[in-house]
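Now for the letters of each chain:
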Amino acid sequence: MLYKTLSALSLLLLTTVAQSSENSRFSIGGNYASTKFSSNKDLSFIEDSSLNIDEDLSITEDTNNTYGLYAQYDWNTHFGIQLQHTEFGEYNLPFVKNILKVDTLSIVGRLNNYIGFTPYGKLGYGRMNMKQEINVLGFKLDTESTGDAFLGAIGLEYFIPDFPSLSVKLEMENFVFYTASNVQPLITNKLNSINLGLALNF
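Reading the values: rules and limits
- Residues numbered from 1 in each chain as written.
- Predicted model: local features only at pLDDT ≥ 70, side-chain atom pairs only at ≥ 80, totals over all residues.
- Heavy atoms only, no water.
- Helix = DSSP H or I, 4+ residues; strand = E, 2+ residues; numbered from the N terminus.
- Buried < 20%, exposed > 50% of the residue type's maximum accessible area, 1.4 Å probe, protein only.
- Contact = heavy atoms within 4.5 Å.
- Areas by Shrake-Rupley, 256 points an atom, 1.4 Å probe, with all protein chains shown as cover.
- Pairing = 2+ DSSP bridges.
- Phe/Tyr/Trp six-rings, centres within 6.5 Å; stacked < 30°, edge-to-face > 60°.
- Lys NZ or Arg CZ within 6 Å of the ring centre and 35° of its normal.

**Some thoughts on the overall build of the protein chain**
So, point 1. Across its full length, the protein chain carries two helices and eight strands.
So, point 2. Its helices and strands in sequence order give the protein chain the pattern α-β-α-β-β-β-β-β-β-β, from N to C terminus.
So, point 3. Among the 202 residues that make up the protein chain, the fraction classed as buried is 38%.
So, point 4. In the protein chain, the share of contacts with a sequence separation of at least 24, taken over all contacts with a separation of at least 6, comes to 63%.
So, point 5. Of the accessible surface of the protein chain, which amounts to about 11600 Å², a share of 61% is contributed by carbon and sulfur atoms.

Pasting the structure below:
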């Protein structure tokens with residue numbers, strides 16, 4: 001479904017680009033990232049119980065390598081819109097394996113080019129898909145849920161002089177999304193990434 005959506009968006013944006021000014025552009029690209037997942041989930045009720053637990057309940061974060069794909073349309077040199085899909089993969093916390101992916105729609109703002117580099121930032125909203133494999137004292141439970149996700153990012157884009165249709169991006173991304181449990185009504189989850197990407201520009 002995602003790839004059909006990206007294909008349809010790409011065709012629509014390419015048509016729009018052909019009819020727009022010379023300052024507009026369309027790009028598709030991908031990135032590879034190192035990502036840290038952290039959660040403020042409170043497990044103190046387990047520590048206070050009489051259960052004999054071997055897990056280290058102080059662990060609140062995990063890291064993984066992730067990748068993403070995106071399509072972007074810039075209607076002028078300073079503003080654009082981006083559709084992005086990111087596969088975050090697996091993150092292991094006490095009793096729970098979290099498997100995450102997200103689709104986001106972002107507004108991109110760009111500054112003027114400086115010695116070949118273009119600084120930019122983006123703000124976005126998306127839907128986070130979370131699968132959880134819960135294993136407590138031999139009891140296993142698989143769950144799946146979706147929820148709101150909020151994205152903020154800053155980055156630098158560099159256009160390769162010998163290949164003007166190609167650009168390299170270095171980006172810091174921060175996602176925040178919220179979940180809940182029976183003992184904690186609001187759990188804040190964060191995904192912080194450092195991305196290296198390559199884009200093809202039209």
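**Structural notes on the pairing of strand β7 (residues 166-179)**
Regular strands show a simple pattern: their side chains alternate between the two faces of the sheet.
So, point 1. Pairing analysis gives 11 bridges linking strand β6 (residues 139-159) to β7, with the strands arranged antiparallel. Counted as the bridge partner of Y158 is V168 from β7.
So, point 2. Between β6 and the antiparallel strand that follows it, β7, lie six residues.
So, point 3. For β7 and strand β8 (residues 187-201), the ladder comprises 14 bridges, and the chain directions are antiparallel. Paired with N174 across the two strands is N192, which belongs to β8.

**Overview of the packing of aromatic side chains**
So, point 1. Counted by the stated rule, this structure contains six aromatic pairs.
So, point 2. Arranged with centres 5.6 Å apart and planes meeting at 45 degrees, the rings of F37 and Y91 form a pair that is tilted. Residue F37 is found in strand β1 (residues 25-39), and its partner Y91 is found in strand β3 (residues 79-93); the two are separated by 54 residues along the sequence.
So, point 3. For F37, a relative accessible area of 1% gives the class buried.
So, point 4. For Y91, a relative accessible area of 0% puts it in the buried group.
So, point 5. Between F117 and Y158 the ring centres are 4.9 Å apart and the planes differ by 35 degrees, which places this aromatic pair in the tilted class. Linking F117 in strand β5 (residues 117-136) with Y158 in strand β6, this pair joins segments that are 41 residues apart in sequence.
So, point 6. Judged by its relative accessible area of 29%, Y158 falls in the partly exposed class.
So, point 7. Directly above the aromatic system of Y120 lies the positively charged group of K169, at a separation of 5.3 Å from the ring centroid.

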